Every structure is written in C-alpha cells, then in structure tokens.
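A look at the structure
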Amino acid sequence: MKKFTAILLAVLLISSLAACGNSKKTALVISGTETDSEIFTYYLDKVMGRPIEYDLPENPKKAELKEAAIVQCKKYLAANTSFRDMGLSLTSSEKVEIAQTVNDYWVRFENHYNSIGVSKQTLTKILTAKAYEEAVFAAKYDKGTANAKEEAVLQNYFYDNYISFRNVCAYFTSADGSTPLTQLEKNKLVESINLLAENAGTDIEKFGEAAQAAGYSLSDSVLLKKGAEGYPVGFFEKVAAQKDGTVQVITYDECIFIVWKENLREKGESVYANYRSVCISDLYADKAEAETDEYISSFTVEEKSIIDRIIKKFY
C-alpha cells in the first residue's frame, strides 16, 4: 500500500509539473504556427498603451485593439521565419545585449509583466524577434561600405540631411524667463548679439571667450537632423544654406541665435559612420515595412477562445 501511494504521489507530481510547463495556452494559429497567449498578451498591452503608434484612434474599440495585436503577432512570426529562412545568426555580443536588455526591463517592469501574465522567457522571445527583424533588415538593405554606389547614396543622404554647428542663443525674456523684455531692452540685446557676431573672427575658441565675456555661452558642437524638434521652424534650412566656417545671426520672435557653421565633412568619417545605420533606416524603413505588410497579408489566422478572455481581463 505504501509503495502504491508513493507511486501515485510521483505520478501526480509529474502531472503537476507537466501542467505547469504547459501553462501557456495557444491564442492564435497563424498559417499553421501556434502563437501562445503570452505573446498575444504582450502585444495587446503595447497596443492598448499607445494606440496612436499603431494607427488606431485614441480610444479604440476592443475589435480594433485585438486586430492590431494580431498584426503584431504576425510580424513577430514573420521576423522569426525570415531570419531562419535567410540563414542568419546573431553574434555573441547581440545575444548578450538581448539578455542585458531583458534584465533591465525586468528590474523596472517585473510587477507590470507579472500582473498581465507575461514571463521573462516571453520577454526574451519578443526582444530576440526584434533583433531578428533588425538582422533581416540589415541583410536586405545594408550593402556594406565596399559597395561604392550604395555608399555614395547613404553619404549624400547624410550630408544633405544633417548639419553641424555651434551657437549662442539669447532669449527676449528676463533671466528667469517669466517676463518679456521691453523694446528698449530687446534692441540692446540684438545690438549686443550683432556686435559679437561681427567680431567673431575665425578662431572659435576666441569667439567662445568673447561670448562668455559678453555674458553668453557658446554651445558644444551640435549635429542636427532635418525635421528634428528642439529648434524653431526654418532654423535647419537657414543654417544648411549658410557657408561652412561662417557666422550668421538668426532672429525669431522669442530668441536670437549666433550660429557658427561647421564643415561636417571635415569633422571626419567617424561622424558619418556613427549615423550610417540611421541613414539606412531613414531611406529604406518604409520600403521594408511595406514588404512585411505584403508578406503577412497572406497569413491565415485562427483565433482561439482564450483571446476574448485576455481582452476581457484587460478591460
């Protein structure tokens, strides 16, 4: 009897462990491939958190949220499938970076992930798929620096869409920014800025010293991308048209700039090299997204009943 009881307990224990190991239920079957509930839950959470980023209205309906999450699950499958079919692999450093990122996320958001039912293992799968997607993109669109024609396209894009400069900026308000300057005070400030610009010379270090003596500070070198926020409308275009190595005064309603235009090409290839992957993304991201959308459009989707329970839980 004791022997039978021991065997029974062992069987029950094994069954219990097996049940724990299979706790992730299938939420979707996409073109024959099962997608578990945690993957769907992760993407549903992302879509609900920032619906506008997924081309949804600010207050989307349940059906819209579900469909957007399913699309993300399709893209997850597409990344894994394309990565495998193209025979790609991640480097050791890329794998280490994924592990570190997962750990960082888990330290900050463990309670949230636990509350929605997403495990650390699933988070690792998600970030790995993201790395797969990036590897596929690079394999398709990064032709390597040895491809002279493609490299010229990238470099021209970089130098056409980035500017490098240092500047002095003064605002037409009091020191604490609370009170607008009187017209007399504003005129004196403009006169001071123009005089400083006229005497800028060709030595940037001496110009910085002169600016400091006049009560202003010269910024560090700024690399600004066309369309980036942080500067007034039209600022990029005005500086882009400016001759390298010259000084220009640019006035706006709220402030006035002295801009010292730098020669971006003379700053060295390392600057371009640091932004090369960004240029590739800028040039080909839309094309890659369109290709992915076309690819996943042929995917068939079978929804399991657990999806409705997950959505109900979220609401």
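1. Regarding the nonpolar core
In this structure, Leu28, Phe40, Tyr42, Tyr43, Leu44, Cys73 and Tyr113 are the most contacted members of the largest nonpolar core, which totals 41 residues. At 10 residues, helix 3 (residues 62-85) tops the list of elements feeding residues into this core. With near-sequence residues (within four places) excluded, Leu28 lies in contact with Thr33, Glu34, Thr35, Phe40, Ile70, Cys73, Val301, Glu302, Glu303, Lys304 and Ile307. By size, the runner-up hydrophobic cluster in this structure holds 16 residues, among which are Ala170, Leu189, Ala197 and Ile204.

2. Description of the state of the cysteines
If you walk through the whole model with that rule in mind, you get 0 disulfides. Among the cysteines around Cys255, which has no disulfide bond, Cys169 carries the closest sulfur, lying 4.3 Å off. Overall, Cys255 belongs to the buried group, its relative accessible area being 2%.

3. What to know about the environment of Arg276
Along the chain, Arg276 turns up in helix 10 (residues 269-296). Along the chain, Arg276 and Phe158 lie 118 residues apart, while their C-alpha atoms are 7.8 Å from each other. Residues contacting Arg276, with those up to four places away along its chain left out, are Asp142, Gly144, Thr145, Glu151 and Leu154.

4. What about the pattern of salt bridges?
When the charged atoms of two side chains with opposite charge come close together, those side chains can pair. This model, assessed by the stated rule, comprises 12 salt bridges. Residues Asp293 and Lys75 are paired through a salt bridge, measuring 3.9 Å at the closest nitrogen-oxygen approach. Taken together, the residues Asp293 in helix 10 and Lys75 in helix 3 connect sequence positions 218 residues apart. Taking the shortest distance from any N to any O, the salt bridge between Asp244 and Lys261 comes out at 3.4 Å.

5. Side note on the sheet that holds strand 5 (residues 247-251)
Strands sit in the order 4-3-6-5 across an open sheet of 4 strands; the sheet is antiparallel. Each of the sheet's edge strands pairs with one partner strand only, and the pair in question is strand 4 (222-225) and strand 5. Adjacent strand axes in the sheet meet at a mean angle of 45 degrees, parallel and antiparallel pairs treated alike. In this sheet, strand 4 lies alongside strand 3 (residues 162-171) in antiparallel orientation, the contact comprising 4 bridges.

6. Details of the sheet that holds strand 1 (residues 26-30)
Pairing in this open sheet of 3 strands is antiparallel, and the strands run 2-1-7 from one edge to the other. Where the open sheet ends on each side, the last strands, each with one partner, are strand 2 (33-36) and strand 7 (301-303). Neighbouring strand axes in the sheet, compared pairwise and without regard to direction, differ in orientation by 25 degrees on average. As defined by bridge partners, strand 1 adjoins strand 2 across 4 bridges and the pair is classed as antiparallel. Residue Val29 lies in a different strand from strand 2, and its bridge partner there is Glu34. Docked against the sheet, helix 2 (residues 37-49) engages strand 1 and strand 2, running at close to 60 degrees with respect to strand 2. Sitting on the sheet, helix 3 is in contact with strand 1, strand 2 and strand 7, with an inclination near 65 degrees to strand 1.

7. Digging into the packing of aromatic side chains
Two measures describe an aromatic ring pair: the distance that separates the ring centres and the angle between the ring planes. Scanning all chains against the criterion turns up 21 aromatic pairs. Ring pairing ties together the aromatic residues Phe158, Tyr159, Tyr162, Tyr272 and Tyr275, which thus form one cluster. We note Arg265 situated over the ring of Tyr159; from NZ or CZ to the ring centre the distance is 3.9 Å.

8. So, helix 8 (residues 204-213)
For helix 8, the complete set of buried residues consists of Ile204, Phe207, Gly208 and Ala211. What you see down the axis of helix 8 is that its buried residues fit within an arc of 100 degrees, all on one side. In this structure, helix 8 carries Glu205, Lys206, Glu209 and Ala213 as exposed residues pointing more than 90 degrees from its buried face. Buried residues along helix 8 sit in contact with strand 3, helix 7 (183-198) and strand 6 (255-261). Near the N-terminus of helix 8, the side chain that reaches the backbone nitrogen of Glu205, with its oxygen 2.9 Å away, is that of Asp203. A positive phi of about 95 degrees marks Gly215, the residue just after helix 8.

Rules used throughout
- Residues numbered from 1 in each chain as written.
- Predicted model: local features only at pLDDT ≥ 70, side-chain atom pairs only at ≥ 80, totals over all residues.
- Heavy atoms only, no water.
- Core = buried A, V, L, I, M, F, W, Y, C linked by side-chain atoms within 4.5 Å.
- Buried < 20%, exposed > 50% of the residue type's maximum accessible area, 1.4 Å probe, protein only.
- Helix = DSSP H or I, 4+ residues; strand = E, 2+ residues; numbered from the N terminus.
- Contact = heavy atoms within 4.5 Å.
- Disulfide = S-S within 2.5 Å.
- Salt bridge = Lys/Arg side-chain N within 4 Å of Asp/Glu carboxyl O.
- Pairing = 2+ DSSP bridges.
- Axes fitted to C-alpha atoms, helices over the stretch in contact; angles between N-to-C directions.
- Phe/Tyr/Trp six-rings, centres within 6.5 Å; stacked < 30°, edge-to-face > 60°.
- Lys NZ or Arg CZ within 6 Å of the ring centre and 35° of its normal.
- Arc of directions from axis to C-beta.
- Polar contact = N/O pair within 3.5 Å; in protein donor to acceptor, adjacent residues only side chain to side chain.

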